[in-house]
Amino acid sequence: MEFTLSKEQLLIQKMASDFCEKSLAPLAEQIDRDNQIPAEIIAGLGELDLFGLPFKEEYGGAEAGYDCYVLAMEQLGKVSSGPAITISVNCLGLGAIDKFGTPEQKAKYMPKACRGEHLASFAFTEPGTGSDPKQITTRAVKEGDHYVINGTKRFISNADYLGPMVVFATDDESGKPTAFIVEKFCAGYSISEPWHKIGYRGGNLLDVYFKDVKVPAENVLGKVGGGFPVLTYGIAFGKVGISSVALGGILAAFEAAAKYAKEKTHRGEPIAKFQAIQLRIADLAMKYEACRWLTYRLGCLANDAKDPMLFAKEAALTKTFVCDNYVEAARIAVDVHGSYGLMNDYLVTRLYRDAILGPQVEGVADMQKMIVAGVVLNS
Ligand SMILES: Cc1cc2nc3c(=O)[nH]c(=O)nc-3n(C[C@H](O)[C@H](O)[C@H](O)COP(=O)(O)OP(=O)(O)OC[C@H]3O[C@@H](n4cnc5c(N)ncnc54)[C@H](O)[C@@H]3O)c2cc1C
């Protein structure tokens, strides 16, 4: 058991934190306000290899492992959730291609997305369902050497960037969900305006419309009718990213509350003198430490996940615990700020808006608990 970071881990953590401090922090409020990530931020993140940290160099990645990915994502999540979530979804899509793709698919779709020149998406959710693969209505019909896809996907991250999208559709041969790699903005692909969501602003969500989209049969990801394992594996690894973004948010809430407690005075003394404030700061410290080690552990487990179901359980329990704790941490940080915590001039309002999204994304919290219970009770 080792609780100190290696030289390489410290280096990547510092690289991400330097970028955040110098380049991202000055634009964080603008990103939140405009719901748009400036192109120079995407380019800067790409130069630092942050879009493809865990993936093999052969396919354009930095081969730094999920342990380093977690450390970098925590730093980004602490400063601005939009770019962090954009990377997280990119890695979710790429993770599925990396695991299930043929060498040709990986060579074709991974390098540009690892460099941030393209961004990957992962499209499962539909207007009718976000949690149940049996209910998806997007259809893929085989016609000769290609499939024709029709349907609507809802709340799809990164859908407005060029790059590969892993799309789940029920195919007419197997009658089951199959994963396809669709090139965004191909003929028949169109998107809605971005949804005006409460948090993670800058990480855009769009609806995607597939109208007779022709996809070559060689773009089936994994097996025909084998969409379910692609979905469960992809989302499990996606939770490494979302947990790290939430962890960064908890750290930001903790630091903001501690700073405010020392700065705001009552009768000439900081409010940190009140025991009620001290208890809240202690709660934040405990939440951060518990979530930190759980998330770092998940990064290490992701490097060597031999049993997909066991990893899915670890990812589900980590994501649920960390995201739920982020909601509580943000609420505590708002409380420490009194009424100032309700004003948009203060960082904690943004953290509160961000935090509330975590339990809903990449599998709603209750479904995660069902995954955990299913593995625990059946082993
Ligand atoms: C910021 C953000 C980014 C997103 N990015 C993507 C993306 O890139 N790709 C993508 O495909 N989707 C994405 N989504 C969509 C998201 O993954 C889904 O919205 C989410 O999985 C929940 O689906 P739903 O909203 O349809 O809820 P539902 O599945 O309808 O669930 C609604 C409620 O019913 C409960 N429930 C559902 N089924 C059961 C059951 N069997 N037993 C008990 N309770 C149940 C849930 O716990 C929940 O409380 C994103 C969403 C957000 C907010």
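Conventions we followed
Residues numbered from 1 in each chain as written. Predicted model: local features only at pLDDT ≥ 70, side-chain atom pairs only at ≥ 80, totals over all residues. Heavy atoms only, no water. Helix = DSSP H or I, 4+ residues; strand = E, 2+ residues; numbered from the N terminus. Buried < 20%, exposed > 50% of the residue type's maximum accessible area, 1.4 Å probe, protein only. Areas by Shrake-Rupley, 256 points an atom, 1.4 Å probe, with all protein chains shown as cover. Lys, Arg positive; Asp, Glu negative; His and termini not counted. Charge placed at Lys NZ, Arg CZ, Asp CG, Glu CD. Expected span 1.5 Å × (residues − 1). Contact = heavy atoms within 4.5 Å. Disulfide = S-S within 2.5 Å. Near = heavy atom within 4 Å. Polar contact = N/O pair within 3.5 Å; in protein donor to acceptor, adjacent residues only side chain to side chain. Nonpolar A, V, L, I, M, F, W, Y, C, P; charged D, E, K, R; others polar. Patch = residues over 30% accessible without salt bridge, like charges linked within 9 Å, V, L, I, M, F, W, Y side chains within 5 Å. Salt bridge = Lys/Arg side-chain N within 4 Å of Asp/Glu carboxyl O. Core = buried A, V, L, I, M, F, W, Y, C linked by side-chain atoms within 4.5 Å. Phe/Tyr/Trp six-rings, centres within 6.5 Å; stacked < 30°, edge-to-face > 60°. Pairing = 2+ DSSP bridges. Domains from an automatic or database assignment. Buried area = accessible area lost by both parts, 1.4 Å probe.

Brief notes about the overall build of the chain
Piece 1. Across its full length, the chain holds eleven helices and ten strands.
Piece 2. Considered along the principal axes of its C-alpha atoms, the chain spans approximately 80 × 45 × 40 Å.
Piece 3. The buried share of the chain, reckoned over its 379 residues, is 55%.
Piece 4. A total of about 16800 Å² of accessible surface is found on the chain, and carbon and sulfur atoms cover 56% of it.
Piece 5. Positive and negative side-chain charges of the chain, numbering 40 and 46 respectively, have mean locations separated by a distance of 4 Å.

Focus: helix 6 (residues 103–114)
Piece 1. Compared with the 16 Å implied by 1.5 Å per residue over twelve residues, the 16 Å span of helix 6 between its first and last C-alpha is a close match.
Piece 2. Listed in full, the buried residues belonging to helix 6 are Q105, K106, Y109, M110, P111, A113 and C114.
Piece 3. Residues of helix 6 that are buried in the fold lie against helix 5 (81–100), strand 4 (164–171), strand 5 (177–183) and strand 8 (220–221).

As for the state of the cysteines
Piece 1. By the definition in use, this model includes zero disulfides.
Piece 2. Not engaged in a disulfide, the cysteine C20 finds its nearest cysteine sulfur in C91; these two sulfurs lie 15 Å apart.
Piece 3. C68 forms no disulfide, and the closest cysteine sulfur to it belongs to C300, at a distance of 9.1 Å.

Some points on the site of the ligand
Piece 1. Residues in contact with the ligand amount to 20 residues; listed here are only the nearest, F122, F124, T125, S131 and F155.
Piece 2. F122 places a polar main-chain atom, nitrogen or oxygen, 2.7 Å from a nitrogen atom of the ligand.
Piece 3. Between the ligand and G130 there is a distance of 3.0 Å, counted from an oxygen atom to a backbone nitrogen or oxygen.
Piece 4. Expressed as a share of its isolated accessible area of 980 Å², the protein-covered part of the ligand is 63%.
Piece 5. For the shell around the ligand, the class distribution of residues is twelve nonpolar, six polar and two charged.

Points about the environment of K99
Piece 1. Tracing the chain through its elements places K99 in helix 5.
Piece 2. Judged by relative accessible area, which is 48%, K99 ranks as partly exposed.
Piece 3. As for K99 and F210, which are separated by 111 residues in sequence, their C-alpha atoms are 25 Å apart.

Some remarks on a negative patch on the surface
Piece 1. A contiguous patch of negative charge, built from D49, E57, E58 and E63, is present on the exposed surface.
Piece 2. Assignment of secondary structure puts E57 in the loop between helix 3 (39–47) and helix 4 (65–79).

A short note on the nonpolar core
Piece 1. By size, the foremost hydrophobic cluster in this structure holds 94 residues, and its most contacted members are I87 and F168.
Piece 2. For this core, the element with the highest residue contribution is helix 7 (residues 227–263), accounting for 20 residues.
Piece 3. Not counting chain neighbours up to four residues away, the residues in contact with F168 comprise F122, A123, F124, E126, I136, T138, K153, T178, A179, G227, V230 and L231.
Piece 4. Among the nonpolar cores identified, the runner-up in size contains 18 residues, and A159, V167, F180 and Y189 belong to it.

Some details on the packing of aromatic side chains
How two aromatic rings sit relative to each other is given by the distance of their centres and the angle of their planes.
Piece 1. Taken as a whole and judged by the stated rule, the model has 17 aromatic pairs.
Piece 2. Each ring, one from Y147 and one from F180, has its centre 4.9 Å from the other, and the planes form 65°; the classification is edge-to-face. Of this pair, Y147 sits in strand 3 (residues 146–157) while F180 is found in strand 5, placing the two residues 33 residues apart along the sequence. Across this residue pair, the class does not change: Y147 and F180 are buried.
Piece 3. Seen in terms of ring centroids, W293 and Y296 are 5.4 Å apart; in terms of plane orientation they differ by 80°. Their pairing is edge-to-face. You can see W293 and its partner Y296 sitting in helix 8 (residues 275–303), three residues apart, about one turn around the helix.
Piece 4. For W293, a relative accessible area of 28% translates into the label partly exposed.

Points about the pairing of strand 2 (residues 139–143)
Piece 1. Here five bridges tie strand 2 to strand 3, and the two strands are oriented antiparallel to one another. Directly across from E143, in strand 3, lies its bridge partner H146.
Piece 2. Between the antiparallel neighbours strand 2 and strand 3 lie two residues, among them G144 with a positive phi of about 65°.
Piece 3. Relative to strand 4, strand 2 is paired through two bridges, and the arrangement is parallel.

Quick look at the pattern of salt bridges
Piece 1. Applying the stated criterion to the full structure yields 16 salt bridges.
Piece 2. For K259, the salt bridge goes to E263, with nearest N and O atoms at 3.2 Å. Here E263 and K259 lie together in helix 7, a separation of four residues that amounts to about one turn.
Piece 3. Judged by its relative accessible area of 51%, K259 falls in the exposed class.
Piece 4. One salt bridge in this structure joins E289 and R292, with 3.3 Å as the shortest N-O distance.

Concerning the domain arrangement of the chain
Piece 1. Segmentation of the chain into domains returns domain 1 (7–114), domain 2 (121–224) and domain 3 (228–378).
Piece 2. Taking the mean C-alpha position of each, domain 2 and domain 3 sit 30 Å from one another.
Piece 3. Contact residues are listed per partner, giving 14 residues for domain 2 and 14 residues for domain 3.
Piece 4. Here domain 2 meets domain 3 over a buried area of about 1100 Å², counting both sides, of which 77% is carbon and sulfur.
Piece 5. For the pair domain 2 and domain 3, the interface holds zero salt bridges.
Piece 6. At the junction of domain 2 with domain 3, the criterion picks out two residue pairs in polar contact (both at pLDDT 80 or more).
Piece 7. Of all the elements in the fold, those that place two or more residues in the side of domain 2 that touches domain 3 are strand 4 and strand 5.
Piece 8. Across the side of domain 2 that touches domain 3, the residue classes tally to ten nonpolar, two polar and two charged.

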